[in-house]
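An overview of the molecular structure
Below are the chains, spelled out letter by letter.
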Amino acid sequence: MPVEVTTPSDREVRVTRTFKAPRQLVWDAHTKPELVTKWMLGPPGWSMPVCEMDVRPGGAYTWRWQSDEDGKQFGFHGTFDEVNAPARLTHDEYYDPGDTGGDMPTNDPALVTLELSESGGVTTLVCIMKFSSKEARDGAVSTGMTDGMEMGYVRLDDIFLAKAA
């Protein structure tokens, strides 16, 4: 199933997606840098040269994407607030426009909550991103963020399928 995107409030985006994989595998794909760099790439033509993650309460992360075409980069960074493996992960998320720019604020972080539940070998992911304002939320959505998330999730489906074979 493709992502289901809703806006439960003026400041929130809720993304729901199911995976035909155990919850632990979906958790690992979101918390292990060697896996994150294989799928969290957005549209074709981008790589993730920086993926540093200290997944523990108070641990920091830095993600940077790079265009294969022109080398321009952007990224996100922040701190993990809650780590409850393999069910819940929360972190703040600061945008770093690098040399690509964008309409998202850089000083006001979004709070991202990832919840995973499993039933019958199918894991449901619910990601809630709470922004500092409606304008910040709308700016993030206008970047094609949720389309990029789905492109990454399709790659993740392929990884899970290969692992099951």
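Presented here is an overview of the structure given in this document. (Residues numbered from 1 in each chain as written. Predicted model: local features only at pLDDT ≥ 70, side-chain atom pairs only at ≥ 80, totals over all residues. Heavy atoms only, no water.)

1. Some words on the sheet that holds strand E3 (residues 46–53)
Ordered in space as E1-E2-E8-E7-E6-E5-E4-E3, the eight strands form an open sheet in which the pairing is antiparallel. Both edges of this open sheet fall to strand E1 (4–6) and E3, since each of them pairs with a single strand only. Adjacent strand axes in the sheet meet at a mean angle of 20°, parallel and antiparallel pairs treated alike. Pairing geometry for strand E6 (residues 88–96) and strand E7 (residues 110–119), over six bridges, is antiparallel. Note on E7: the bridge partner recorded for glutamate 93 is alanine 110. Relative to E7, helix H1 (residues 23–31) is tilted by about 155°, and along the sheet it contacts strand E2 (12–19), E3, strand E5 (73–84), E6, E7 and strand E8 (122–130). Of the strands in this sheet, E1, E2 and E8 are in contact with helix H4 (residues 145–164), which crosses E2 at around 20°. (Pairing = 2+ DSSP bridges. Helix = DSSP H or I, 4+ residues; strand = E, 2+ residues; numbered from the N terminus. Axes fitted to C-alpha atoms, helices over the stretch in contact; angles between N-to-C directions. Contact = heavy atoms within 4.5 Å.)

2. With respect to H4
Since the α-helix turns once every 3.6 residues, residues separated by three or four places project in the same direction. Across its 20 residues, H4 extends 29 Å between first and last C-alpha, which sits within 8% of the 28 Å expected from 1.5 Å per residue. For H4, the full list of buried residues reads Met145, Thr146, Gly148, Met149, Glu150, Gly152, Tyr153, Leu156 and Phe160. As for H4, its buried residues are in contact with E1, E2, H1, helix H2 (33–39), E8 and helix H3 (134–142). (Expected span 1.5 Å × (residues − 1). Buried < 20%, exposed > 50% of the residue type's maximum accessible area, 1.4 Å probe, protein only.)

3. Topic: the pairing of E7
Pairing analysis gives nine bridges linking E7 to E8, with the strands arranged antiparallel. Bridge pairing links valine 112 to methionine 129 in E8.

4. Let's talk about the packing of aromatic side chains
Enumeration over the complete set of coordinates arrives at 12 aromatic pairs. Pairing tyrosine 61 with tryptophan 63 gives two aromatic rings, centres 4.5 Å apart and planes at 45°, and the pair type is tilted. Like tyrosine 61, the residue tryptophan 63 is buried in the burial classification. Aromatic pair tryptophan 65 and phenylalanine 74: ring centres 5.2 Å apart, planes at 15°, arrangement stacked. Like tryptophan 65, the residue phenylalanine 74 is buried in the burial classification. (Phe/Tyr/Trp six-rings, centres within 6.5 Å; stacked < 30°, edge-to-face > 60°.)

So, to be careful, I would describe these as geometric facts and stop short of saying anything about function.
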